[in-house]
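# Commentary on secondary and tertiary structure
Listed below, chain by chain, are the residues.
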Amino acid sequence: MFKLIQMKFPSKLLYLIHDMIHGKNFYIKHDNITSGKRTIKEGLQQGTINSPLLFSLYTNSILELYNINSNNNTYAIAYADDVIVYVAADHIKEIEDKLNDLVNKLNNLYLTWNLKLNPGKCETILFRNPRVYMSTKKAEGINTFKITTTIPGTNTPIDIPTKKSVVYLGYTIDNLVRGTAHIDLQLQKARNAQFSLSRLINNNNIISKKAKIICYMIFIRSLLIYAAPIWWNLGAACMERLRCFERTCLRSALNMYNSSKSNFKHKISNKILYNAANIPRIDNFIIKITRDYYANLKKINNDEIQKFSKPDELTVESAASRGCVSPQDFIYHDQLGIIQDEHNTPILYHWSRHKANKRIPSAGEITNNLNKHKYSKTIPDIDIKDRSRLGDKYWWLNSRLEIIKRLSARFKKQGA
């Protein structure tokens with residue numbers, strides 16, 4: 001309540017919130033045995049709509065203390081009770097010292113406000129270049145990097161483990177920022193789901209093919225595409241792993257393996273397979289949901305988020321040439337036709353590059369060097385006929401863009 005008073009909340013609202021969170025009791029029931037009532041002396045009720053908001057208000061000031069988020073390369077962001085504190089510097093020792101200082105200050109602050117930082121649930125990760133690209137001086141301390149704090153309420157020191165990859169809001173981030181750790185994990189989850197559903201997917205007698213395709217899209221494909229608007233800048237080989245796995249699932253669901261025309265020596269073509277399933281190829285589907293995600297940017301009433309809808313050409317081009325591409329840069333590259341060409345072929349996902357190479361080629365580079373294109377670019381009819389880029393939904397794709405002119409011309413020609 002003290003925090004709300006500090007923020008000058010209206011008195012009537014303060015009384016309402018006070019009545020809502022004070023004087024609450026709880027009891028435990030197991031089988032037919034019920035415990036006595038116990039008073040909830042502190043904390044917020046779980047499962048209510050306003051508890052996350054009240055908790056955010058309670059901890060909001062933490063993000064502004066100790067010169068955090070003050071253009072000094074120390075930052076903090078929070079989502080409910082998940083807090084990320086991060087610092088940037090040229091040398092690992094400097095990062096270690098700054099982060100140790102911040103973590104211990106926050107640990108003491110939490111204790112002051114009757115909150116407890118749980119070191120056992122904390123993790124650190126050191127984002128860096130591959131060792132081969134680091135000078136001896138910059139790599140100094142890479143193997144001894146350690147963040148140490150104390151267990152709340154005691155002076156017992158505890159080391160926070162340093163990981164090569166961490167999970168935040170379901171997205172796996174690796175220390176070399178390649179994005180492949182997330183793909184590996186989601187692909188394994190999808191394989192496990194496929195195995196769990198194998199009796200259903202391989203049943204060719206009772207369950208219809210359409211029902212099995214729906215099951216694939218709901219229970220398996222949804223795992224593969226999780227957080228796609230973040231990791232859309234993926235190499236051709238990584239994307240081919242997803243495409244191959246999807247085709248395996250579709251062949252099982254549709255019972256379409258080898259072709260009778262080849263005397264069952266060769267597999268049924270991918271185009272026939274996808275047309276039978278009547279679903280977009282997974283890379284085109286990823287592009288679609290990424291577009292849908294960024295199409296909502298302008299609907300969000302937040303100045304910081306609105307900045308993402310106005311990419312600076314020089315900044316984005318520089319980032320693309322260095323391989324330091326931000327997720328929202330998708331908007332700019334989509335305007336240039338680098339993601340998808342006028343035939344709706346996802347050409348970015350056929351451009352040959354190492355999985356660690358996040359550099360995005362120019363439009364001319366990707367269209368004029370066909371020898372660098374890998375894997376089959378045959379797409380199903382549902383993708384070829386997709387006109388979604390010609391509508392008003394994607395506000396960054398207007399009729400003046402060269403890629404949209406070519407796309408529109410193709411449909412006019414086909415219509416004729």
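Residues numbered from 1 in each chain as written. Predicted model: local features only at pLDDT ≥ 70, side-chain atom pairs only at ≥ 80, totals over all residues. Heavy atoms only, no water.

With that settled, consider the overall build of the protein. Across its full length, the protein holds 17 helices and 12 strands. Principal-axis analysis of the C-alpha atoms gives the protein an extent of 75 × 65 × 45 Å. For the protein, with 416 residues in total, the buried portion stands at 37%. Long-range pairs, those at least 24 residues apart, make up 61% of the contacts in the protein with a sequence separation of at least 6. Separation of charge centres in the protein, based on 61 positive and 35 negative side chains, amounts to 7 Å. (Helix = DSSP H or I, 4+ residues; strand = E, 2+ residues; numbered from the N terminus. Buried < 20%, exposed > 50% of the residue type's maximum accessible area, 1.4 Å probe, protein only. Contact = heavy atoms within 4.5 Å. Lys, Arg positive; Asp, Glu negative; His and termini not counted. Charge placed at Lys NZ, Arg CZ, Asp CG, Glu CD.)

Counting 53 residues, the largest nonpolar core has I220, L242 and I286 as its most contacted members. For this core, the secondary-structure elements that each account for two or more residues are α5 (180-196), α7 (209-224), α8 (228-231), α9 (236-254), α10 (270-277), α11 (282-295), α14 (330-335) and α17 (402-415). For this core, the leading source of residues is α9, giving eight residues. Apart from the residues lying within four places of it in its own chain, the contact partners of I220 are A190, A193, Q194, L197, I201, C215, F245 and C249. L63, L99, A139 and F145 belong to the second-largest nonpolar core, a separate cluster that totals 16 residues. (Core = buried A, V, L, I, M, F, W, Y, C linked by side-chain atoms within 4.5 Å.)

This part is about helix α2 (residues 11-21). Taken together, the buried positions of α2 are L14, I17 and I21. Taken down its axis, α2 places every buried residue within 70° of arc, on the same side. Opposite the buried face of α2, at more than 90 degrees from it, the exposed residues are K12, Y15, L16 and D19. Buried residues in α2 make contact with α1 (2-6) and α3 (51-59). Backbone geometry just after α2 places G23 at a positive phi near 70°. (Arc of directions from axis to C-beta.)

The subject of this paragraph is the pattern of salt bridges. Inspection of every chain in the model, using the stated rule, returns 19 salt bridges. A salt bridge links D97 to K93; the shortest N-O distance between them is 3.6 Å. You can see D97 and its partner K93 sitting in helix α4 (residues 92-112), four residues apart, about one turn around the helix. The shortest N-O distance in the salt bridge between D283 and R243 comes to 2.7 Å. Highlighted residues: D283 in helix α11 and R243 in helix α9, separated in sequence by 40 residues. Classification of R243 as buried rests on a relative accessible area of 0%. Linked by salt bridges that have partners in common, E240, R243, R247, R281 and D283 make up one network. (Salt bridge = Lys/Arg side-chain N within 4 Å of Asp/Glu carboxyl O.)

Let us now look at the pairing of strand β6 (residues 82-87). Note: strand β5 (residues 74-79) against β6, six bridges, orientation antiparallel. Note that in β6 the partner of I77 across the bridge is I84. Counting the residues in the hairpin turn of β5 and β6 gives two residues, including A80, whose phi is positive at 55°. (Pairing = 2+ DSSP bridges.)

Glancing now at the layout of surface pockets. Volume-wise, the second largest pocket comes out at about 950 Å³. Of all the elements in the fold, those that place two or more residues in the lining of the second largest pocket are α1, α2 and α3. Ranked by residues supplied to the lining of the second largest pocket, first place goes to α3 with five residues. Taken together, the residues of the lining of the second largest pocket break down into 13 nonpolar, nine polar and four charged. (1 Å grid on protein atoms, 1.4 Å probe; cavity = no way out; pocket = protein on both sides within 12 Å on 5 of 7 lines; lining within 4 Å. Points joined across faces, edges and corners; volume = space filled by probe spheres on them. Nonpolar A, V, L, I, M, F, W, Y, C, P; charged D, E, K, R; others polar.)

Turning our eyes to something else, we now look at the UniProt feature "domain: Reverse transcriptase" (unreviewed entry) in the protein. UniProt marks residues 1-173 with the feature "domain: Reverse transcriptase" (unreviewed entry), using the numbering shown here. For residues 1-173, the helix share is 27%, the strand share is 23%, and the end-to-end C-alpha distance is 37 Å. (UniProt positions renumbered as here; feature names shortened; annotations may be inferred.)

Before going further, it helps to examine the UniProt feature "transmembrane region" (unreviewed entry) in the protein. UniProt tags residues 213-232 as "transmembrane region" (unreviewed entry). Helix makes up 80% of residues 213-232 and strand 0%, and the two end C-alpha atoms of the span are 24 Å apart.

Scanning all chains against the criterion turns up one cavity of 30 Å³ or more. The space that makes up the largest cavity amounts to roughly 30 Å³. Lining the largest cavity, in full, are R247, N270, Y274, R281, S376 and T378. Counted by class, the lining of the largest cavity contains one nonpolar, three polar and two charged residues.

Where α5 meets α7, the axes come as close as 8 Å, and the angle between the chain directions of the two elements is 165°. With respect to α7, the element α5 is oriented roughly antiparallel. In terms of crossing hand, the pair formed by α5 and α7 is left-handed. Taken together, the residues of α7 that come into contact with α5 (itself represented by Q186, L187, K189, A190, A193 and Q194) are F219, I220, L223 and L224. (Axes fitted to C-alpha atoms, helices over the stretch in contact; angles between N-to-C directions. Parallel < 35°, antiparallel > 145°, perpendicular 65-115°, else oblique. Left-handed = near helix turned anticlockwise from the far one by under 90°.)

For α7, with 16 residues, the first-to-last C-alpha span of 21 Å sits near the 22 Å given by 1.5 Å per residue. Along α7, the largest kink reaches about 35° and is centred on M217. When we look at burial in α7, the residues that qualify are K212, I213, C215, Y216, I220, R221 and L224. Against α5, α6 (198-201), α8, α9, α10 and α11 lie the buried residues of α7. (Expected span 1.5 Å × (residues − 1). Bend = angle between axes of the 7 residues up to and from the residue.)

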